[in-house]
Structures are given as C-alpha cells and as structure tokens.
Amino acid sequence: MSAGAEVYEVDRGTVTLAANPATATSYDGRSHARKALDAIEAVLEGRATLDQEEYTIGGRSLKRTPVEQLIRFRQRYKQEVAGEDAAARIAAGLGGGRKIQVRL
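Predicted model only: the values in this text are computed from it and were never measured.

### Observations concerning the overall build of the protein
Item 1. In terms of helices and strands, the protein carries two helices and four strands.
Item 2. Helices and strands appear in the protein in the N-to-C order β-β-α-β-β-α.
Item 3. Relative to a compact globule of 104 residues, whose C-alpha radius of gyration would be 13 Å, the protein shows 24 Å and is clearly more extended.
Item 4. C-alpha atoms of the protein, sized along the principal axes, occupy 80 × 55 × 25 Å.
Item 5. Expressed as a percentage of the 104 residues in the protein, the buried residues total 11%.
Item 6. Within the protein, contacts between residues at least 6 apart in sequence are counted, and of these 45% link residues at least 24 apart.
Item 7. Surface summary for the protein: the accessible area is close to 9300 Å², and the carbon and sulfur share equals 52%.
Item 8. Side-chain charges of the protein comprise 16 positive and 14 negative groups, with the mean position of each set lying 6 Å from the other.

### A word on the pattern of salt bridges
Item 1. Counted according to the given criterion, the structure contains four salt bridges.
Item 2. Arg30 serves as the salt-bridge partner of Asp28, at 2.5 Å between the closest nitrogen and oxygen.
Item 3. As a salt-bridge pair, Arg34 and Asp85 come within 2.4 Å of each other at their nearest N and O atoms. Of this pair, Arg34 sits in helix H1 (residues 32-47) while Asp85 sits in helix H2 (residues 67-91), and the two are 51 residues apart along the sequence.
Item 4. Classification of Asp85 as partly exposed rests on a relative accessible area of 29%.
Item 5. In this structure, a network of salt bridges that share partners links the residues Asp28, Arg30 and Asp38.

### Overview of the confidence of the model for the protein
Item 1. Looking at the protein, the pLDDT average stands at 83 and 91% of residues meet or exceed 70.
Item 2. When mean pLDDT is taken per element in the protein, H2 scores highest with 93 and strand E1 (residues 2-3) scores lowest with 58.

Calculation rules
Residues numbered from 1 in each chain as written. Predicted model: local features only at pLDDT ≥ 70, side-chain atom pairs only at ≥ 80, totals over all residues. Heavy atoms only, no water. Helix = DSSP H or I, 4+ residues; strand = E, 2+ residues; numbered from the N terminus. Rg over C-alpha atoms; globule rule 2.2 N^0.38 Å. Buried < 20%, exposed > 50% of the residue type's maximum accessible area, 1.4 Å probe, protein only. Contact = heavy atoms within 4.5 Å. Areas by Shrake-Rupley, 256 points an atom, 1.4 Å probe, with all protein chains shown as cover. Lys, Arg positive; Asp, Glu negative; His and termini not counted. Charge placed at Lys NZ, Arg CZ, Asp CG, Glu CD. Salt bridge = Lys/Arg side-chain N within 4 Å of Asp/Glu carboxyl O. pLDDT = per-residue confidence, 0-100.

Okay, here's the thing in structure tokens:
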C-alpha cells in the first residue's frame, strides 16, 4: 500500500494455490523428472515378464528400448528428482538432507 511517496508493507508470506477438486478435470502436479522416473520404473517392472526386445507380426514390428538404456535413464531422473526434493526441503526450511560434518 502506498500513500504518496510513503510505502507500507501490509503483510509478507507464501501463498500456495491448489486446484479446486470440484472443477479440476485432471491435474498432475508432478515435475517432468518425477513423471519420467515413474514411467521408466513402470516400464522396467513390466519388462520383468517380457523376454523379447524386438518382434514382428504380420509385417508390423515393435522394438523396445534396451533395459540397459532404461536403467541409465532411471538413474539420471532419480538424481534430478533427488535435487528437486532437496530444493523443496530447503525452501521449506528443513535443510537439504545432506550431512555436514564439522570437526572442532
């Protein structure tokens, strides 16, 4: 609020906006990294029952991403999600989750 050249701070804080469940259709608040990590882990879980990486039926073929590559992707996204979680903890004043050792 201001009155002429004087400025007064009325309040300071954080506002969190949430979707209205009555009007929201479908909102996924996860970050891209968390969505990708969840999808990769779902594929890896589903792969446990599949032997073939590639097959052809009636002239149509399907080639799956190699498991080794999915594991590399999973590790990359795990690191990104861990960074996001640490940033959220720091923003909430809870610390980054890493130990800092000090010798006196």
